[in-house]
Amino acid sequence: MAITPALDIGKRGLLAQEAALGVVGNNIANVNTPGYTRQVAEFAQDPSITLPGGALAGAGVHIADIRQIIDPLVTRRLQASLTTTGERDAVRDQLERLSGILNDLNQPSLSDNLAKFFDAADALARTPQGLTERQTLLGAAQAVAVELNRRSSDLAALQADLDTRIVDRAAAANDDLKRIAALDTAIVAHEASGSHANDLRDQRQEVLNDLAKAIGVNVLANPDGSLRVDAAGGGLTLVDKGVVVNQIATRADPGNPAALVGNSLHQLGLVNTQGTFLTVDAAFSTGELAGLLQVRDGSTVTASQHLDTLANTLITTVNTIQTDPSALDLDGNSTGAPAVPFFSGTTAGTIAVGITDPRKIAAALSAQAGDNQNALRLADLRQTIQGPLGTTFDGYLALETGRIGGDASLAADSASAAQLLTTQLTAQREGLSGVNLNEELTNLLRFQRAFQASARVISTGNAILDDLMRLL
Amino acid sequence: MAIDRVSDSQAFTLLNRRVASLQAAIRDLTDQIGSGQRFTRPEQDPLGAGQVVRYGGELSSLTGFTETTSFGREVLGVEDQALGDAYNIMVRAEEIATQQANGTLSAQDRLASREEVHGLLESLTSTGNTEFLGRRVFAGLAQDVPAPFADPNGAGYSAATAFVGSTQEFSVKIGSTSAERVRITTRGDQVFTTALSALQSLENTLATNGNAAGDLTALAQGRAEIANERTSVGARGAQLDERKTQVAGLTETVTAARSRARDADLVSTISALTQAQTALQAMLQAGSLTLQTSLANLLQF
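Residues numbered from 1 in each chain as written. Chains lettered and ligands numbered in written order. Predicted model: local features only at pLDDT ≥ 70, side-chain atom pairs only at ≥ 80, totals over all residues. Heavy atoms only, no water.

Q: Whenever I open this one, the overall build of chain A confuses me. Can you help?
A: In terms of regular secondary structure, chain A is built from nine helices and 13 strands. Relative to the globule expectation of 23 Å for 472 residues, the C-alpha radius of gyration of chain A, 37 Å, shows a markedly less compact shape. In chain A, which comprises 472 residues, the proportion classed as buried is 49%. Sequence separation of at least 24 residues holds for 68% of the intrachain contacts in chain A that already meet a minimum separation of 6. Summing over all exposed atoms, chain A offers an accessible surface of approximately 20100 Å²; the carbon and sulfur share of this is 56%. (Helix = DSSP H or I, 4+ residues; strand = E, 2+ residues; numbered from the N terminus. Rg over C-alpha atoms; globule rule 2.2 N^0.38 Å. Buried < 20%, exposed > 50% of the residue type's maximum accessible area, 1.4 Å probe, protein only. Contact = heavy atoms within 4.5 Å. Areas by Shrake-Rupley, 256 points an atom, 1.4 Å probe, with all protein chains shown as cover.)

Next comes the structure, spelled out in structure tokens:
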């Protein structure tokens, strides 16, 4: 065997180890890059050469491929888990906001204000002619009305904010679709030469994961390296072979019955390449968008309806007593005909105290001085089971507190369960695809030693050549 | 799937997650100690939160009952005192009438007795006009109104029509239903008119030198009506006392129940806080040791 091939083998060894060192260096450099998949250099023997006499001799080494260490199954499961996590996190976060708006545990609260209102009614029943008691009752009623107004307004603001989030998140998901299409195009172009566009694939997977948080997707790999991304619900294709087939879109939905007073909501849908808006509700049945929709059109509306029921029952019952045909104010004037209602409005958002003069409160049912019969009826309301509520006012608030807290608690538990699965899958993915610095440093040493040995092959060949040269 | 390979990112993420979790627990425990409450948001304990709201409403109701029964008891106390005075007035009037009927009074004594009876009439009228916090006790607790009984010194005075006040009975609410009420007033016309008329009649008898024996029955009737009402007042007072005791017991029970549902157990909370702080320190120390152990530290580059 001649000396020159040995030098060539040494050279190829140097190049291969140098390339492997580069891969290790890249892994180390990307140790903190989100979504990075570690790579390994795959060594392969160079084709053998035939020696004189016919024997085959090794010709050295080359880097056959730089491969990503990835488990597609774990990647798919993680993607699906991210969809669930995105949905449940959204529900949990928004229900916590809802619970904060309707929280009756802190002071001042609606239950506290309502208790003060009935305390004032009790005091009026004890002193029906007392102007102080009458003024106190009006003040307490005002506090109840203001708190109901605040809650109603905050619920509407929450719904409006959720709608804005839906529009923003849809736009962000749409950007993801465009980025996936662009990356698909780049990957196909890059991999046409036979190599793997590892970094581009990592970037695409990160964008896919972000998209999966927003909306459930099914992903199929095309033979050319591009992807077909379908909406998990409805089955419509979103991206295929580098082209956005159906975009996520929002449009004003003035007929949405879930809209709270003053709000205009948006409808989610898909827009095809012809610009036609497609209503595909199933496409938005999972993911963060589904979670936001669920709270916007469900929990918030239910809470608002229940608040309105409470407010309306309060308005109706108090006004029924105040405007009883026999009811009389402090000056002996009827408050029934013409009616002098205590509260105005019909909902939590519109309730207001209808009278400003405390003398207009009807505490009496007769013209006798000091009659407290109507004030007693007002005080009785506190413990009376109200038909529309199915319980007392206090009982209803307790039920609502428990219901809203239960919903938020359940959402938190669901989110934790989903997060746990995501954490486990992320750990699996990281366990396989993440960078371990100790491992990389070991590889660094391995390839450094191999590089040094290859260099020694070259220096040995060189020494032999020198020896030969000295013979001349 | 067993995980036998740990990436550096995973190790840091795990440390961060555990530290964040422990810090959140410390925050919650500190909040519990600061507020004295096990939870401040419904989602932390939905069942407990509902109970706390319900107990709060119940306590508010009970406070209302307490205030109302106290008020009713005060009014009935004033009535009892007034009716006691009225009873004594009638007893004295009967003594005078008996003396006159026995014919033991001189003309001068009769004059003096007449003046005394007139004074008794004025006193009983004044008793009938008793006020409590500016409210007429025997006229439906009407506030800031003229005296319900006319002045016996007024022209054309007639005891039978002397009452011009409110005849509305005043009840207070002592329970959750509209049936749970206690009347705390006495209609002045019903309890004093007979007595006043009897006194006026006796005064006339003494003025006209008639025989007071005929007035004794009316006087006894007036006294009996006052005594009967006083008994009724006492019974209603006892009812209010009983209710007040009952409400105090209920208040104590509900307060204790609310405390159990809401209040933090400081001993266990502080213990949990200490444990969480220790766990955090251990986590940070273990993390720093683990993450510092790297091949890079052992190699000479």
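Q: Teacher, can you tell me more about the packing of aromatic side chains here?
A: The geometry of an aromatic ring pair comes down to the distance between the two centres and the angle between the two planes. Residues and elements named next belong to chain B. Summed over all chains, the structure comprises nine aromatic pairs over all chains. Both rings, one in phenylalanine 149 and one in phenylalanine 192, keep their centres 5.8 Å apart while their planes meet at 80°; by these two values the pair is edge-to-face. Highlighted residues: phenylalanine 149 in the loop between strand E3 (142–143) and strand E4 (171–173) and phenylalanine 192 in helix H4 (residues 188–207), separated in sequence by 43 residues. Judged by relative accessible area, phenylalanine 149 falls into the buried class, the value being 4%. Owing to a relative accessible area of 0%, phenylalanine 192 belongs among the buried residues under this scheme. (Phe/Tyr/Trp six-rings, centres within 6.5 Å; stacked < 30°, edge-to-face > 60°.)

Q: Before we go on, may I ask you to explain empty space enclosed by the protein in this structure?
A: If you roll a probe as big as a water molecule over the atoms, it shows you where there is empty space left. Residue and element names in this part refer to chain A. All told, the structure shown has three cavities of 30 Å³ or more when counted by the stated rule. As for the largest cavity, its lining consists of Leu102, Asp104, Arg151, Ala303, His306, Leu307, Leu310, Tyr396, Leu397, Glu400, Thr401 and Ile404. Among the secondary structure elements, those contributing two or more residues to the lining of the largest cavity are helix H6 (288–322) and helix H8 (393–433). Ranked by the residues each element gives to the lining of the largest cavity, the list is headed by H8, at five residues. (1 Å grid on protein atoms, 1.4 Å probe; cavity = no way out; pocket = protein on both sides within 12 Å on 5 of 7 lines; lining within 4 Å. Points joined across faces, edges and corners; volume = space filled by probe spheres on them.)

Q: Would you explain the sheet that holds strand E5 (residues 217–221) of chain A in this entry?
A: Whether parallel or antiparallel, the strands of a sheet pair through hydrogen bonds between backbone atoms. Residue and element names in this part refer to chain A. Read from one edge of the open sheet, four strands run E5-E6-E7-E8, paired in antiparallel fashion. Here the strands that pair on one side only, and so sit at the sheet edges, are E5 and strand E8 (243–244). Here strand E7 (residues 237–240) pairs with E8 via two bridges, running antiparallel. From the neighbouring strand, aspartate 240 faces E8, where its bridge partner is valine 243. Packing of helix H5 (residues 198–214) onto the sheet brings it into contact with E5 and strand E6 (227–231), and relative to E6 it is tilted by some 5°. (Pairing = 2+ DSSP bridges. Axes fitted to C-alpha atoms, helices over the stretch in contact; angles between N-to-C directions.)

Q: Would you mind showing me how to read the side chain of Asp184(A) here?
A: Residues and elements named next belong to chain A. Following the sequence through the fold, aspartate 184 ends up in helix H4 (residues 131–191). In this structure the side chain of aspartate 184 is engaged in a polar contact, spanning 3.2 Å, whose partner is the backbone nitrogen of leucine 227. Apart from residues no more than four positions distant in its own chain, aspartate 184 is found in contact with Arg204, Gly225, Ser226, Leu227, Val239 and Gly242. (Polar contact = N/O pair within 3.5 Å; in protein donor to acceptor, adjacent residues only side chain to side chain.)

Q: Looking at this structure, how should I read the domain arrangement of chain B?
A: Many authors give the size of an interface as the accessible area that is lost as the parts come together. You can read the domains of chain B as domain 1 (2–36 + 264–299) and domain 2 (64–258). Of note, the centres of domain 1 of chain B and domain 2 of chain B, computed from C-alpha atoms alone, are 77 Å apart. (Domains from an automatic or database assignment.)

Q: Whenever I open this one, the pairing of strand E10 (residues 266–272) of chain A confuses me. Can you help?
A: Residues in a regular strand point their side chains to alternate faces of the sheet. Residue and element names in this part refer to chain A. Counting buried positions along E10 yields six of seven residues, so the element is predominantly enclosed. Two strands pair when backbone bridges link them, and strand E9 (residues 246–252) and E10 are joined in this way by seven bridges, in the antiparallel orientation. For asparagine 246, the partnering residue across the bridge sits in E10 and is asparagine 272. Relative to strand E11 (residues 277–278), E10 runs antiparallel, the two sharing two bridges. Looking at E11, one finds that leucine 270 is bridged to leucine 278. Counted between consecutive antiparallel strands, the loop separating E10 from E11 contains four residues, among which glycine 275 sits at a positive phi close to 85°.

Q: Looking at this structure, how should I read the packing of helix H3 (residues 107–128) of chain B against H4(B)?
A: Angle between the axes and distance between the axes are the two parameters that describe a pair of packed helices. Residues and elements named next belong to chain B. Contact geometry for H3 and H4: axes closest at 9 Å, N-to-C directions at 160°. As far as their axial angle goes, H4 and H3 are roughly antiparallel. Helix-helix and strand crossings are classified by hand; for H3 and H4 the assignment is left-handed. Of the residues in H4, those in contact with Arg110, Ser113, Arg114, Val117, His118, Leu120, Leu121, Leu124, Thr125, Thr127 and Gly128 of H3 are Phe192, Ala195, Leu196, Leu199, Gln200, Leu202, Glu203, Thr205, Leu206 and Ala207. Partitioning the contact of H3 with H4 into residue classes produces eleven nonpolar, seven polar and three charged. (Parallel < 35°, antiparallel > 145°, perpendicular 65-115°, else oblique. Left-handed = near helix turned anticlockwise from the far one by under 90°. Nonpolar A, V, L, I, M, F, W, Y, C, P; charged D, E, K, R; others polar.)

Q: I would appreciate a short explanation of unusual backbone geometry in the present structure.
A: Among all residues save glycine, negative phi is the norm, and among peptide bonds the norm is trans. Cis geometry marks the peptide bond from Ala337(A) to Pro338(A), where omega comes out at -5°. Locating Pro338(A) in the fold gives a position in the loop between H6 and strand E12 (343–344). Of note in the backbone geometry, Leu133(B) takes a positive phi value of approximately 55° without being a glycine. For Leu133(B), the location among the structural elements is in the loop between strand E1 (131–132) and strand E2 (135–136). What makes Leu133(B) exposed here is its relative accessible area of 63%.

Q: When you look at the sheet that holds E3(B) in this model, what are you seeing that I'm missing?
A: Residues and elements named next belong to chain B. Spatially, three strands are ordered E1-E2-E3 in an open sheet, and the strand pairing comes out antiparallel. Both outer strands of the open sheet, E1 and E3, are each paired with one neighbouring strand and no more. Examined bridge by bridge, E2 and E3 share two bridges and lie antiparallel to one another. The partner of arginine 135 across the bridge, within E3, is glutamine 143.

Q: Teacher, can you tell me more about the interface of chain B and chain A here?
A: Each side of the interface is counted separately: chain B has 54 residues, and chain A has 59 residues. When chain B packs against chain A, close to 4400 Å² is buried across both sides, 53% of that on carbon and sulfur atoms. When residues of chain B are sorted by the area they lose upon contact with chain A, Arg5(B), Val53(B) and Gln168(B) head the list and together hold 15% of the total. The partner of Arg126(A) in a salt bridge is Glu67(B), and the shortest N-O contact between them spans 3.0 Å. If you look at where chain B meets chain A, you find 27 residue pairs in polar contact (both at pLDDT 80 or more). When residues of the side of chain B that touches chain A are traced back to their parent elements, those giving at least two are helix H1 (8–35), helix H2 (46–101), E3, E4 and helix H7 (295–298) of chain B. Per-element accounting of the side of chain B that touches chain A gives the leading share, 14 residues, to H2(B). A class-by-class count of the residues in the side of chain B that touches chain A yields 21 nonpolar, 23 polar and ten charged. (Buried area = accessible area lost by both parts, 1.4 Å probe. Salt bridge = Lys/Arg side-chain N within 4 Å of Asp/Glu carboxyl O.)

Q: Looking at this structure, how should I read the nonpolar core?
A: Across soluble globular proteins, nonpolar side chains show a tendency to be buried alongside one another. All names here are of chain A. Counting 91 residues, the largest nonpolar core has Phe117, Leu314, Phe342 and Phe343 as its most contacted members. The leading source of residues in this core is H4, at 18 residues. Setting aside its immediate chain neighbours within four residues, leucine 314 contacts Leu114, Phe117, Phe118, Val144, Phe343, Ile351 and Phe393. (Core = buried A, V, L, I, M, F, W, Y, C linked by side-chain atoms within 4.5 Å.)

Q: Would you explain H3(B) in this entry?
A: Owing to its 3.6 residues per turn, the α-helix aligns residues three or four sequence positions apart on the same side. Residue and element names in this part refer to chain B. End to end, H3 covers 31 Å across 22 residues, agreeing with the expected 32 Å (1.5 Å per residue, within 8%). Residues of H3 that are buried: Arg110, Ser113, Val117, His118, Leu120, Leu121, Leu124, Thr125, Thr127 and Gly128. Looking at the buried side of H3, the elements it contacts are H2, H4 and helix H5 (213–262). (Expected span 1.5 Å × (residues − 1).)

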